[in-house]
Amino acid sequence: MLARAFYWLLPHPFLTLLLAVVWVLLQNQVSAGMVVFGLILGIIIPWGTSIWWPDTPRALKLGKMAIYILMVMWDILIANIQVAWIVLTVPNAKLRPAWIVVPLQLRKPEAITVLAGTITLTPGTVSADLSNEGHSLLVHVLHTDDPDAVRDDIINRYERRLQEIFS
């Protein structure tokens, strides 16, 4: 009964916290009033929009998500260096861009969105399209000698972890 009341008031608790933190960060100052107003916004916005969220994700493993975020941040740092090296050393005529179709085992829309966002945030790759059935993702790579290795890396490094997080 208590859990039902909690989820009625806070249908997306993580989003509530995220909105409150973003609000305070946007204000460039931390004060009690800004924190309280951020929490009010964080409660009202998810509650008011919850009817448009058909499946509330509840089984998110936050510890694994924190590890995933750290790994993605590291990958972004390394990819920035790699892209800079490619831009500085590889002539345009020798670039080998590729379109890669990544078959997906993920079925939850939230997990697919996180995967597509991860790919796009990593310099040198962009998620371009999701198949109509949601079973594959089209990815563009700036430069690669082996498109199959890039596909396998996305599946093994990101998708497998997201399956654990969103299962």
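Quantities reported herein were computed from a predicted structural model and do not represent experimental measurements. (Residues numbered from 1 in each chain as written. Predicted model: local features only at pLDDT ≥ 70, side-chain atom pairs only at ≥ 80, totals over all residues. Heavy atoms only, no water.)

A word on a nonpolar patch on the surface
Thinking step 1. Residues Phe14, Leu18, Val22, Leu26 and Leu62 make up a contiguous nonpolar surface patch of about 500 Å² in total accessible area.
Thinking step 2. Locating Leu62 in the fold gives a position in helix α4 (residues 62-89). (Patch = residues over 30% accessible without salt bridge, like charges linked within 9 Å, V, L, I, M, F, W, Y side chains within 5 Å. Areas by Shrake-Rupley, 256 points an atom, 1.4 Å probe, with all protein chains shown as cover. Salt bridge = Lys/Arg side-chain N within 4 Å of Asp/Glu carboxyl O. Helix = DSSP H or I, 4+ residues; strand = E, 2+ residues; numbered from the N terminus.)

A short note on the environment of Met73
Thinking step 1. Note on placement: Met73 falls in helix α4.
Thinking step 2. Between the alpha carbons of Met73 and Thr118 there is a distance of 9.5 Å; along the sequence they are 45 residues apart.

A short note on the packing of α4 against helix α6 (residues 147-166)
Thinking step 1. Their axes nearest at 10 Å, the elements α4 and α6 cross at an angle of 160 degrees. As judged from the angle between their axes, α4 and α6 are roughly antiparallel. As for how α4 packs across α6, the hand of that crossing is left-handed. Listed contacts from α6 to Lys64, Met65, Tyr68, Met71, Val72 and Asp75 of α4 are Arg157, Tyr158, Arg161, Leu162, Glu164, Ile165 and Phe166. (Axes fitted to C-alpha atoms, helices over the stretch in contact; angles between N-to-C directions. Parallel < 35°, antiparallel > 145°, perpendicular 65-115°, else oblique. Left-handed = near helix turned anticlockwise from the far one by under 90°. Contact = heavy atoms within 4.5 Å.)

As for the sheet that holds strand β3 (residues 136-141)
Thinking step 1. The strand order across the open sheet built from three strands is β1-β3-β2, with neighbouring strands paired in antiparallel fashion. In this open sheet, the two strands that pair with only one neighbour each are β1 (98-103) and β2 (125-130). Between one strand axis and the next, the sheet turns by 30 degrees as a mean value, whatever way the strands run.
Thinking step 2. Relative to β3, β2 is paired through five bridges, and the arrangement is antiparallel. Paired with Leu130 across the strands is Leu137, a residue of β3.
Thinking step 3. Seen against the sheet, helix α5 (residues 109-121) touches β2 and β3 and runs at an angle of roughly 145 degrees to β2.
Thinking step 4. Across the sheet, α6 touches β1 and β3, and the angle it forms with β1 is around 40 degrees. (Pairing = 2+ DSSP bridges.)

Quick notes on the pairing of β3
Thinking step 1. In β3, alternate side chains face the same way, and those of Leu137, Val139 and Val141 are buried while those of Ser136, Leu138 and His140 on the opposite face are not.
Thinking step 2. Pairing analysis gives six bridges linking β1 to β3, with the strands arranged antiparallel. Across the sheet, residue Trp99 finds its bridge partner in β3, namely His140.
Thinking step 3. Counting the residues in the hairpin turn of β2 and β3 gives five residues, including Gly134, whose phi is positive at 80 degrees. (Buried < 20%, exposed > 50% of the residue type's maximum accessible area, 1.4 Å probe, protein only.)

Concerning the packing of aromatic side chains
Thinking step 1. Per the stated rule, a full pass over the model turns up two aromatic pairs.
Thinking step 2. Summarising the aromatic geometry, the rings of Tyr68 and Tyr158 are spaced 6.2 Å apart at their centres and angled 80 degrees between planes, so their arrangement reads as edge-to-face. One end of the pair, Tyr68, is in helix α4; the other, Tyr158, is in helix α6, with 90 residues separating them in the sequence.
Thinking step 3. Judged by relative accessible area, Tyr68 falls into the buried class, the value being 3%.
Thinking step 4. The exposure class of Tyr158 is buried, given its relative accessible area of 7%. (Phe/Tyr/Trp six-rings, centres within 6.5 Å; stacked < 30°, edge-to-face > 60°.)

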